[in-house]
Amino acid sequence: MTPFQLDYAGRRLQLLGSRVVEPEMAGHRVITAHHQHHHHQKLAQSHDEAEALNPKEESHDTPKFSKPEAATNFELFYDLWFVANLSVFTSIHDISDFSRFTSFIGYMVLLWTTWGLTTLYDVRFTADSIWERCCKAVHLGVMIGFAEIGTSFEPDNQIVSIFRTMSLFLAVSRFVLALQYGVVAFQIRKYADGKKPMILTAVVHFCLSMIYLGVSFRYNLGKSSRVFLVWYIGGVVEMMLNLSFSQMSHVLTFHGTHLGERLNLLTLVILGEGCIILAKSITYLVKDTFAKDASYKIWSPTLIGLVTAGTALIYIVFQIYFDWMHDEHSMSKRHQVWWTALHLPFHIALVLLLEGASQFVVWARIVESANSVISKVLATEEKALSSNPTSEEVSKKLGDLVLPFLKKYPPEDVLETMKSVNETLEEIAEMPNSFWTSEPSPDDATFQHYLNHLAELANTMINAIYNAFGFGPPEDAEMPETEFWQTQAAVASAKRFILVYIYSFAAAGIVLLFLTIMHVISKRQGWTPFNIFRTAICITISIMLALFTVIASNQQAVLDGAPNTAFVGSKWMLPTITISYFLVLVLTHLPHPSGFCTGHYKTRKYDNEAVDTKGAREHHAMDSRGIADFEDRRTAYMGAGPAMTSPPPEYEEGKTKGSPEARRTKTREERRASRDAYEPR
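The structure contained in this document is the topic of the report that follows. Throughout, residues of each chain are indexed from 1 in the direction in which the sequence is written. Local features in this predicted model are restricted to residues whose pLDDT is 70 or higher, and side-chain atom pairs enter the listing and the counts only when it is 80 or higher, whereas totals over whole chains, interfaces and linings include all residues. Side-chain measures here rest on the full set of heavy atoms in the structure, leaving out hydrogens and waters.

Remarks on the overall build of the chain
In this description a helix means any DSSP run of H or I spanning at least four residues, a strand means any run of E spanning at least two, and both kinds are numbered starting from the N terminus. Each helix and strand counted, the chain has 22 helices and four strands in total. The buried label applies to any residue whose accessible area, calculated with a 1.4 Å probe on protein chains only, is under 20% of its type's maximum; exposed applies above 50%, and partly exposed to all values in between. Counting the 681 residues in the chain, one finds 48% classified as buried. Contacts between residues were defined by any pair of non-hydrogen atoms, one from each residue, lying within 4.5 Å. Of the contacts formed within the chain by residues at least 6 apart in sequence, a portion of 80% connects residues at least 24 apart. Per element, the accessible surface of the chain, about 33,600 Å² overall, is 61% carbon and sulfur. Computed with a 1.4 Å probe, the accessible areas rest on the Shrake-Rupley method; for each residue, only the protein chains presented here act as cover.

Here you go:
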């Protein structure tokens, strides 16, 4: 039996792995051949091989790394912890005011940049070994730290132990990355090129690690510090430097890696989190409707439509993102870096959009319940006043409505609320009995006092509904110490929804805008006037969605129910976003008009045989004279059908055949002889 057969595991684990490919055959890299099913993948492979053979950029003194085409199991397992942190944080960190909104974005920046920096290393240099598994264990521990910190991540109300721990976790994460890059630099120490950029990357991570370590000592008991802003700035700067270094050194390039796949998987993770949030909202609807009130026999058409719109929105965003996804290897290094960097704001805006979409569904149910409460209060009042009642009878009938309702929907502060309700009912019972038989004027003090009490009881019930659906006022909201504090609490909850409306429509516009920009960056060919027109419409729709936030710019007008703000809180908010995205999806798949707005692309058609011949000739040309600009020669439009590309130029004594210079070199006798050969005899 061989030693490998005696191994208990499926493969032997090394102490220290490496992706460095040793040079063979006079410094040329040995490239593993992979079967390509699509033509654009063949072109990308030829480009990658040509880079390896280019004597200007690479030599036998430059290290070459093997680059897996798909994510490893360890990378996918690491992504699971990102999912867990995102799910926990979105469930416990409700965006109730602007400070919590900014802390939500800050936490997402820290989580995404930590994940991103680890991923940038994994897709290029990680190799399964005992050393890498130990490093991965530390990175997983950092992710667990994010779960701990997310429970109380409030920069405006700092807990010293939480923020100090956060800074230490960030320091450990960057220190391990510095060690990992340092090990790779040691592995390529015998090569003349590549060591300096690798060491520079390690030094950057080490410096940031020491900065985060120093920040941890700035947090003191009883005092809030703004030094946490260093975390955000440091994370973004690290990402920018890593992406910039990849353009300056061939050793750090992302070309040929599966970085695009990792970002695609992360987008799927976020869309999946949106499905979870929407599903939780639906459980709220069932729990607090059918389970508590037997009068609800079926969902209203509004609820059915909004749940459908929320589900459709997630599905449409999924389709647009992947329909607009082009082969990342067709992008230049600069465009690949920009495409990667744009995923940070795109993912943050996508999380906010999905969170806001689920809140729209919940708000619709709150509005229905609030309208039902108001109708019940008015009906009870009308029934009580129809038989010349006494003040005690009116108070008793209102109490028979309010008190059982509060048992079904317990308020946030039960004792304080019940005390307030009892006091209100007692004051109604103490009103003069003659009040109910008289016709008071609107300016009558007793009449105004009664209306305030009636509104207070109705708002008490509405606040109980807010609390049941997790939509109460901010925890740190300062309520005025007045007799009618329930009314003030209801107003605070309404202000919270205005914030949801603003960030949801802003995120809807930003998501579509960044989707369009990333599409423009990744689509390197086929930009006919018609396709440019489609892109302009997509950008216009994104701007229009973002401009919907202007409606809620005057908060007081919204609270007063001004006619020009009626859209805020209506049932058409979520359908408007969904319909806009659906129009973009339809526009994406409209067939390109034949012979219309195609320009010179209309005549550039070649069969597959010419395409295959192109790759071989171009590889030979690159081998003999180095890399030319590969992308500038790919000018054919690639649509939904077979890939079509222009054949490469052929070279003859430094001149291109078919060029004006080459045509002028033909003598008049040669042209006459060529013409005579085709003349019929």
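Concerning the nonpolar core
Within the largest apolar cluster, 153 residues are counted, with the highest numbers of intra-cluster contacts made by Phe-153, Met-198, Trp-231, Ile-577 and Tyr-581. Here this core takes 20 residues from helix 12 (residues 343-385), the largest share from any one element. Setting aside chain neighbours within four positions, we find Phe-153 in contact with Phe-89, His-93, Ser-103, Gly-106, Tyr-107, Leu-110, Phe-163, Trp-231 and Tyr-232. By convention a nonpolar core is built from buried Ala, Val, Leu, Ile, Met, Phe, Trp, Tyr and Cys residues, the set being connected through side-chain atoms within 4.5 Å.

Considering helix 11 (residues 333-341)
For helix 11, every residue scored as buried is listed here: His-335, Gln-336, Val-337, Trp-339 and Thr-340. On its buried face, helix 11 sits against helix 4 (98-122), helix 8 (229-248), helix 9 (259-287), helix 10 (301-323), helix 12 and helix 16 (485-522).

Looking at a negative patch on the surface
Residues enter patches when their relative accessible area tops 30% and they take part in no salt bridge; the joining distance is 9 Å for like charges and 5 Å for the nonpolar side chains Val, Leu, Ile, Met, Phe, Trp and Tyr. Just to be clear on terms, a salt bridge is a Lys or Arg side-chain nitrogen sitting within 4 Å of an Asp or Glu carboxyl oxygen. Positive charge is attributed to Lys and Arg, negative charge to Asp and Glu, and no charge count is given to His or to the chain ends. The location of each charge is read from NZ of Lys, CZ of Arg, CG of Asp or CD of Glu. A cluster of acidic residues, Glu-412, Asp-413, Glu-416, Glu-423, Glu-426 and Glu-430, forms a negative patch on the protein surface. Take Glu-416: it is sitting in helix 14 (residues 414-429).

Notes on the pattern of salt bridges
For the structure on display, the rule yields 11 salt bridges. Across the pair Glu-368 and Arg-365 runs a salt bridge whose closest N-O atoms are separated by 3.7 Å. Within this pair, Glu-368 and its partner Arg-365 are both found in helix 12, separated by three residues, close to a single helical turn. We note a salt bridge from Asp-400 to Lys-396, for which the minimum N-O separation is 3.2 Å. Pair noted here: Asp-400 and Lys-396 are both in helix 13 (residues 391-408), with a separation of four residues, about one helical turn. For Asp-400, a relative accessible area of 48% puts it in the partly exposed group. A network of salt bridges, in which partner residues are shared, links Asp-94, Arg-100, Glu-154 and Arg-496.

A word on the packing of aromatic side chains
Two rings belonging to Phe, Tyr or Trp (six-membered ring only in the last case) form a pair when the distance between their centres is within 6.5 Å. Interplanar angles under 30 degrees mark stacking, angles over 60 mark edge-to-face geometry, and anything in between is tilted. With the rule as written, the count across this model stands at 39 aromatic pairs. When the centroid spacing of 5.7 Å and the interplanar angle of 25° are considered together, the rings of Phe-163 and Trp-231 count as stacked. With Phe-163 in helix 6 (residues 160-187) and Trp-231 in helix 8, this pair connects stretches of sequence that are 68 residues apart. For Trp-231, a relative accessible area of 1% corresponds to the buried category. Members of the aromatic cluster, joined through ring pairs, are Phe-89, Phe-104, Tyr-107, Phe-146, Phe-153, Phe-163, Tyr-219, Phe-228, Trp-231 and Tyr-232. For a Lys NZ or an Arg CZ to count as sitting over a ring, it must be within 6 Å of the ring centre and within 35 degrees of the ring normal. Over the aromatic face of Tyr-78 sits the side chain of Lys-136, whose NZ or CZ is 4.8 Å from the ring centroid. Here Lys-523 stacks its cationic end above the ring of Trp-527, 6.0 Å away from the centre of that ring.

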